[in-house]
Each structure stands twice: as C-alpha cells, then as structure tokens.
Amino acid sequence: MSITSSLQSLKLSSQFLNGSTSLSHLSKPNSSLSHQPPKPPSFLPQIRAMKSMQGRVVCATNDKTVSVEVVRLAPHPKYKRRVRKKKKFQAHDPDNQFQVGDFVQLEKSRPISKTKAFIAVPVPARNVQPRKEETGELGIPLESDQSQEQQPA
C-alpha cells in the first residue's frame, strides 16, 4: 500500500499532458535563412513579362475566335544555336475581322473561355513595297508577253 500511496503522491507535472499547452510554443525558431526576401521599393515600376505577343493567324473558322501562331527564337539546349519555337494561342476576335495570314498582336486579358485569354489587335502593316511586274533585263518586255498581246487581236 505504501507503493500505491507513493505513486499517487508523485504527480507528473508536464506542460504537454492532456493538451494543456498550445503548440504555438513548438514552432520553429526564427532563423536568418527562413525569412522572406525583401520587397522592391514602391517607386520602381513592376516588371511585366510578355503581356503581349505578335503572331500570324492560322485559323479563322470559329466565330469570334482566331488561332494565332507565335514564333520565337530560343537557344537549343545542347547546341546553343537559336531555333524557332512555335506555339498556337486562341484569341478573341469580336468582329471576325481577321483572315488567315493576317499579322495580329495578342493582348493579355481576363480569361474569356477555357482556352482564350488574349484579345487579337491589328498590327500596322510593315513598309513593304509592292513587286513590279518583271520585264526583261534591259527593260524590254519578254517575248512571251508580246505573243500574248498579239493573239487576241
């Protein structure tokens, strides 16, 4: 009986028994390696990468949607030579104004559907000079052109 009385008098006092202490004391200690990176100063503009791209329309059969192929140059992982990478994006075309072969600019917007998150905007045409009709090297019309002109008469 003396053993049981001595066990009862011996009280286990632990702060972890029966959940008497919250686990917030057990959190990891603050270390210099686990802190968050410092925020950039507020006066610097935010860097926005690739909000708009340019590409060529490859499919315009869907209503209010065009499929645009964007081509970019990226270094080959092994040979380091720049190779063309192509990717197709679906873009919103509300007026159905674009045809296959048109160059458009893709502007990022809110998601319009599951696959559409860009709006197609027309790109101003580049300074391309129209090709002149070919004539002979000396500026004289070719014989084939002359024979065609004489036949209808």
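Located above this text is the structure these notes cover.
Report follows, based on the coordinates. (Residues numbered from 1 in each chain as written. Predicted model: local features only at pLDDT ≥ 70, side-chain atom pairs only at ≥ 80, totals over all residues. Heavy atoms only, no water.)

## So, the nonpolar core
And step 1. Listed in full, the 12 residues of the largest apolar core are Met53, Val57, Val66, Val68, Val70, Phe89, Ala91, Phe98, Val104, Leu106, Phe118 and Ala120.
And step 2. Every element with two or more residues in this core is listed here: strand E1 (52-59), strand E2 (65-75), strand E3 (82-92), strand E4 (103-108) and strand E5 (116-122).
And step 3. In terms of residue count, the dominant contributor to this core is E2 (three residues). (Core = buried A, V, L, I, M, F, W, Y, C linked by side-chain atoms within 4.5 Å. Buried < 20%, exposed > 50% of the residue type's maximum accessible area, 1.4 Å probe, protein only. Helix = DSSP H or I, 4+ residues; strand = E, 2+ residues; numbered from the N terminus.)

## Let's talk about the packing of aromatic side chains
And step 1. A full pass over the atoms with the stated rule returns one aromatic pair.
And step 2. Each ring, one from Phe89 and one from Phe118, has its centre 5.3 Å from the other, and the planes form 70 degrees; the classification is edge-to-face. With Phe89 in strand E3 and Phe118 in strand E5, this pair connects stretches of sequence that are 29 residues apart.
And step 3. A relative accessible area of 10% means that Phe118 is categorised as buried.
And step 4. Just above the ring of Phe118 sits the side chain of Lys108; from NZ or CZ to the centre is 5.3 Å. (Phe/Tyr/Trp six-rings, centres within 6.5 Å; stacked < 30°, edge-to-face > 60°. Lys NZ or Arg CZ within 6 Å of the ring centre and 35° of its normal.)

## Notes on the sheet that holds E2
And step 1. In spatial order, the strands read E1-E2-E3-E5-E4; together these five strands close into a barrel with mixed pairing. Strand-to-strand, the axes of this sheet are offset by a mean angle of 50 degrees, without reference to chain direction. (Pairing = 2+ DSSP bridges. Axes fitted to C-alpha atoms, helices over the stretch in contact; angles between N-to-C directions.)

## Quick word on unusual backbone geometry
And step 1. The backbone of Lys64 sits at a positive phi, close to 60 degrees, despite the residue not being glycine.
And step 2. Among the secondary structure elements, Lys64 is positioned in the loop between E1 and E2.

## Details of the pattern of salt bridges
And step 1. Taken as a whole, this structure holds one salt bridge when the rule is applied.
And step 2. Of the charged contacts, one joins Arg56 and Glu69 as a salt bridge, the two residues approaching to 4.0 Å between their closest N and O atoms. Taken together, the residues Arg56 in strand E1 and Glu69 in strand E2 connect sequence positions 13 residues apart. (Salt bridge = Lys/Arg side-chain N within 4 Å of Asp/Glu carboxyl O.)

## A look at the environment of Glu69
And step 1. For Glu69, a relative accessible area of 19% corresponds to the buried category.
And step 2. Residues Glu69 and Lys87, spaced 18 residues apart in sequence, show a C-alpha to C-alpha distance of 5.6 Å.
And step 3. Here Glu69 is in contact with Gly55, Arg56, Val58, Lys86, Lys87 and Lys88, once residues within four sequence places are set aside. (Contact = heavy atoms within 4.5 Å.)

## Structural notes on the environment of Phe98
And step 1. Residue position: Phe98 is located in the loop between E3 and E4.
And step 2. Take Phe98: its relative accessible area is 6%, and that puts it in the buried class.
And step 3. In this structure, the C-alpha to C-alpha distance between Phe98 and Ala60, residues 38 residues apart in sequence, is 7.1 Å.
And step 4. Beyond its immediate sequence surroundings of up to four residues, Phe98 is in contact with Val57, Ala60, Val66, Asp93, Val104, Ala120, Val121 and Pro122.

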